[in-house]
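# Structure at a glance
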Amino acid sequence: MGHVVIDVMLKPEILDPQGQAVNGALPRLGFEQFTDVRQGKRFVLTVDGEVTDEVLAAAREAAEKLLSNPVIEDVVSVRDSAHDEDPGR
Amino acid sequence: MKVGVVTFPGSLDDRDAARAVRAVGGEAVSLWHGDADLKGVDAVILPGGFSYGDYLRCGAIARFAPVMDALIPAAQGGLPVLGICNGFQVLCESHLLPGALIRNDHRKFNCVDQRLVVENASTAWTSDFEAGQEITVVLKNGEGGFVADERTLDELEVEGRVVFRYAGDNPNGSYRAIAGISNDRGNIVGLMPHPEHCVEEGYGPSTDGLPFFTSVLRQVVSA
């Protein structure tokens, strides 16, 4: 079983109210050094067998078509989780 | 005169939209998200609600429902389509309208009687208004912030495709206080506020929603 990890972030120029809410909470916990927070999304897609180039290409297409909205978001990474130290599952 | 109202899983305001159509003498036809069939209707309303639980992004999953396979080409061909709230989000996700809707800048759910200025009274859904007219209709959403890049915003302004603008304080951080827009032909209109809740005395702040529905009836009859 293989896993493709896809990370999607709001474009830098788009306001991120969720990130702002998190940013507002950090100082209350004593984390004073962080000046901004942006919140994104991670998708983990599972396939039977290996993550081949075809699988990655299909994942890229899914990321552009459904998992992100190109008007407000960027697909920042599409990768085989086997290359990650922590696949994040 | 038949106006279709699409029901997605999680639609809330489909019945009110159908009721508004009947209030002005139209026939409301229920359309099902799972059927790629518009049943020969003369216009379509995508209603408010939380289709597919607003999962992924508001409207993102509804955009790929079978009914949209029929609706998108029909809308591109000139069929009048009105997207209200979640319906507006579906139209943007479908790229039938530019831009996107994001979480309100103040992060709270809005539920207010909202004043709007009708900026364009020549679309299929606004011809019974006067340009510049101020109306009050219900606004209720958590993700109503309209965003687009500067070039798109400028295009919308220059081409007169900003159909509604918030009057008074901007309720959700929408760029340029945009509440509703249209495509270049004016048959597709999307807005966050809810005209379908404002068609009868005693059930809302006004009856300012009625002209949306009389406009499209007139448009179809004369077409």
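Before reading further, recall that the structure is shown in the block above.
To start, this report covers the structure provided alongside it. (Residues numbered from 1 in each chain as written. Chains lettered and ligands numbered in written order. Predicted model: local features only at pLDDT ≥ 70, side-chain atom pairs only at ≥ 80, totals over all residues.)

## Some remarks on the interface of chain B and chain A
Taken together, the contacts link 14 residues of chain B with nine residues of chain A. Of the residues contributing to the side of chain B that touches chain A, the split by class is six nonpolar, three polar and five charged. (Contact = placed C-beta atoms within 7 Å. Nonpolar A, V, L, I, M, F, W, Y, C, P; charged D, E, K, R; others polar.)

## With respect to the sheet that holds strand E1 (residues 2-10) of chain A
Residue and element names in this part refer to chain A. Here three strands make up an open sheet; going across it, the order is E2-E1-E3 and the pairing antiparallel. Of all the strands in the sheet, just strand E2 (40-47) and strand E3 (73-80) have a single pairing partner and so form its edges. Neighbour-to-neighbour, the strand axes of the sheet open up by a mean angle of 20°, direction not taken into account. Together, E1, E2 and E3 form the strand contacts of helix H2 (residues 53-67), whose direction differs from that of E1 by roughly 30°. (Pairing = 2+ DSSP bridges. Helix = DSSP H or I, 4+ residues; strand = E, 2+ residues; numbered from the N terminus. Axes fitted to C-alpha atoms, helices over the stretch in contact; angles between N-to-C directions.)

## Some details on the sheet that holds strand E11 (residues 188-191) of chain B
Backbone-to-backbone hydrogen bonds pair the strands of a sheet. The strands run either parallel or antiparallel. Residue and element names in this part refer to chain B. Strand order in the open sheet formed by nine strands is E2-E1-E3-E4-E11-E10-E9-E6-E7, with mixed pairing between adjacent strands. The open sheet is flanked by strand E2 (27-32) and strand E7 (134-141), the only strands paired with a single partner. Adjacent strand axes in the sheet meet at a mean angle of 25°, parallel and antiparallel pairs treated alike. Pairing between strand E4 (residues 81-84) and E11: four bridges, direction parallel. Bridge pairing in E11 places Val 81 opposite Ile 188. Taken strand by strand, helix H1 (residues 14-23) contacts strand E1 (2-7), E2, strand E3 (43-46) and E4, and its axis lies near 175° from that of E1.

## Digging into the environment of Ala23(B)
Residues and elements named next belong to chain B. With respect to the helices, strands and loops of the structure, Ala 23 is situated in helix H1. Separated by 123 residues in sequence, Ala 23 and Phe 146 have C-alpha atoms that sit 30 Å apart. Excluding its chain neighbours within four sequence positions, the residues that come into contact with Ala 23 are Val 199 and Glu 200.

## Thoughts on the pairing of strand E9 (residues 162-166) of chain B
All names here are of chain B. By the criterion of burial, E9 is predominantly enclosed, with four of the five residues buried. The sheet contact formed by strand E6 (residues 110-118) and E9 spans three bridges and is antiparallel. Directly across from Leu 116, in E9, lies its bridge partner Tyr 166. Two strands pair when backbone bridges link them, and E9 and strand E10 (residues 178-182) are joined in this way by three bridges, in the antiparallel orientation. (Buried ≥ 20, exposed ≤ 12 C-beta atoms within 10 Å, placed from the backbone.)

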